[in-house]
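Fold and geometry: a report
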Amino acid sequence: MTLIDTRTPEAKRLISGATGDWEIIIGLEVHAQVTSEAKLFSGASTAFGAPPNANVSLVDAAMPGMLPVINEECVKQAIRTGLGLKAEINHKSVFDRKNYFYPDLPQGYQISQFKQPIVGEGKVIVSVGPDRQGEFEDIEVGIERLHLEQDAGKSMHDQHATMSYVDLNRSGVALMEIVSKPDMRSADEAKAYVTKLRTIVRYLGTCDGNMDEGSLRADVNVSVRRPGGEFGTRCEIKNVNSIRFIGQAIEYEARRQIAILEDGGKIDQETRLFDPNKGETRSMRSKEEAHDYRYFPDPDLLPLEFDQAYVDALAKDLPELPDAKKARLISSLGLSTYDASILVSEKAVADYFEKVAAGRDGKLAANWVINDLLGALNKAGKGIENAPVSPDQLGAVIDLIKEGTISGKIAKDLFEIVWNEGGDPRQLVESRGMKQVTDTGAIERAVDEVISANPDKVEQARAKPSMAGWFVGQVMKATGGKANPQAVNDLVKAKLGIE
């Protein structure tokens with residue numbers, strides 16, 4: 001029996017405590033490393049995986065007398081991202097100094113943007129799901145701002161028994177901090193939001209989105225309240241670098257806060273860390289407020305200014321983004337919302353599909369890409385970039401099906417051969433004798449042989465027409481799966497005298 005959740009969308013967002021329902025309030029600050037060959041204020045390389053302290057200029061190391069110089073490509077990438085988020089682009093923005101002291105921050109401050117960011121308010125439409133019925137629910141998450149800032153270095157505490165080492169390769173790398181409004185109400189919504197954000201920046205080419213390399217990570221703000229009540233005290237979970245961990249951190253932190261409140265306690269505003277091994281958050285430090293950082297405009301950097309023509313030139317070259325592509329696939333190819341959502345979820349998957357579908361049956365192409373190709377890739381632990389079957393090869397398999405040269409069953413076998421051995425599908429069908437039998441005379445002989453060998457089942461089939469399927473299966477088996485299934489079905493019914 002299938003259980004159907006009949007609750008309203010609002011009710012689904014509530015979490016039950018010992019004394020009643022609670023609502024989770026979630027806001028995210030996503031740090032996306034800008035795709036650029038050089039850092040935000042220096043010419044040092046941003047290449048990942050270099051030896052410690054190999055990509056460090058005198059500016060990054062905060063040597064005396066060194067002055068920052070803005071990297072225009074990072075500015076362009078921030079504007080492109082803002083446009084992709086349907087956000088307001090501010091023609092004038094200011095860089096500020098955010099003062100705090102840590103071993104991996106050589107300057108003793110971070111150059112960031114505070115009151116005047118480069119990108120203002122925007123919005124992202126997030127599809128949450130699918131649920132058990134395969135349905136998606138669209139929600140709108142507001143964007144508060146996007147600002148540019150430089151990354152800090154990295155402290156390594158596991159290299160020596162008594163000392164910590166500092167790697168400044170990441171110091172000065174450009175980050176886009178994308179701050180959402182507190183519009184999310186569940187771990188699933190937050191996970192879907194980060195997934196959508198990562199998809200957008202990958203389509204735009206403004207961030208590679210590789211969370212395992214730290215180029216996309218999130219600070220997660222969580223609070224709880226009674227439904228419709230005042231906002232509660234929030235706690236911030238720092239630097240979560242996995243979408244799965246984001247969901248786990250939210251679930252744990254919400255439960256922790258609810259337990260405290262139901263026990264009569266109060267929530268302390270603090271910064272916490274998520275321990276993925278234990279699946280729990282733990283206290284890191286009391287939460288700083290903006291005034292604790294003593295922000296002031298950076299005296300070494302002039303305000304950043306550009307005109308609308310500059311923005312328009314960048315907008316003109318933007319690629320088709322996921323929402324627009326999904327709408328086009330649904331309208332022009334007749335795909336379902338579910339199929340289109342899967343196909344546009346990664347740019348590489350969408351590009352692969354569009355090559356396969358070019359000039360072909362879109363629904364058939366979608367079925368093969370989603371069910372067969374992506375299924376095989378998932379089983380093999382491969383990404384679409386490393387698919388053993390190229391779009392041209394998969395397209396050829398589909399062409400052979402549409403022409404009637406091979407059946408759907410033969411196509412499955414052919415796909416396996418191409419996956420494991422490679423080769424031209426057409427040549428493989430010819431050389432290995434894989435063409436389906438369409439000669440009605442040969443099929444009729446096979447049908448007659450099966451019927452004559454099973455007289456007892458003939459009477460059963462005439463009394464119960466669904467038994468015809470058994471005869472079809474026997475004929476297909478006798479012909480090695482090469483007989484045209486529709487022709488077999490028609491002949492079996494005609495020979496048995498059933499509809």
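Values in this document were obtained by computation on a predicted structure and should not be read as measured data.

Reading guide: rules and limits
Residues numbered from 1 in each chain as written. Predicted model: local features only at pLDDT ≥ 70, side-chain atom pairs only at ≥ 80, totals over all residues. Heavy atoms only, no water. Salt bridge = Lys/Arg side-chain N within 4 Å of Asp/Glu carboxyl O. Helix = DSSP H or I, 4+ residues; strand = E, 2+ residues; numbered from the N terminus. Buried < 20%, exposed > 50% of the residue type's maximum accessible area, 1.4 Å probe, protein only. Pairing = 2+ DSSP bridges.

Quick look at the pattern of salt bridges now. Under the counting rule described, the total for this entry stands at 30 salt bridges. Of the charged contacts, one joins Lys347 and Asp351 as a salt bridge, the two residues approaching to 3.0 Å between their closest N and O atoms. In this pair, Lys347 and Asp351 both sit in helix H8 (residues 347-357), 4 residues apart, roughly one turn of the helix. Given a relative accessible area of 29%, Lys347 falls into the partly exposed group. Residue Asp351 is classed as partly exposed on the basis of its relative accessible area of 30%. Among the salt bridges present, the one from Arg426 reaches Glu403, with a minimum N-O distance of 2.4 Å. Of this pair, Arg426 sits in helix H12 (residues 425-431) while Glu403 sits in helix H10 (residues 391-403), and the two are 23 residues apart along the sequence. You can call Arg426 partly exposed: its relative accessible area is 38%. Here the salt bridges do not stand alone but share partners, grouping Glu253, Arg256, Glu270 and Arg272 into one network.

One open sheet accounts for 3 strands, arranged S5-S4-S15; its pairing is antiparallel. Two strands in the sheet have a free side with no partner beyond their single neighbour: strand S5 (109-112) and strand S15 (296-297). Sheet analysis places strand S4 (residues 96-99) next to S5, joined by 4 bridges and oriented antiparallel. Note that in S5 the partner of Asp96 across the bridge is Ser112.

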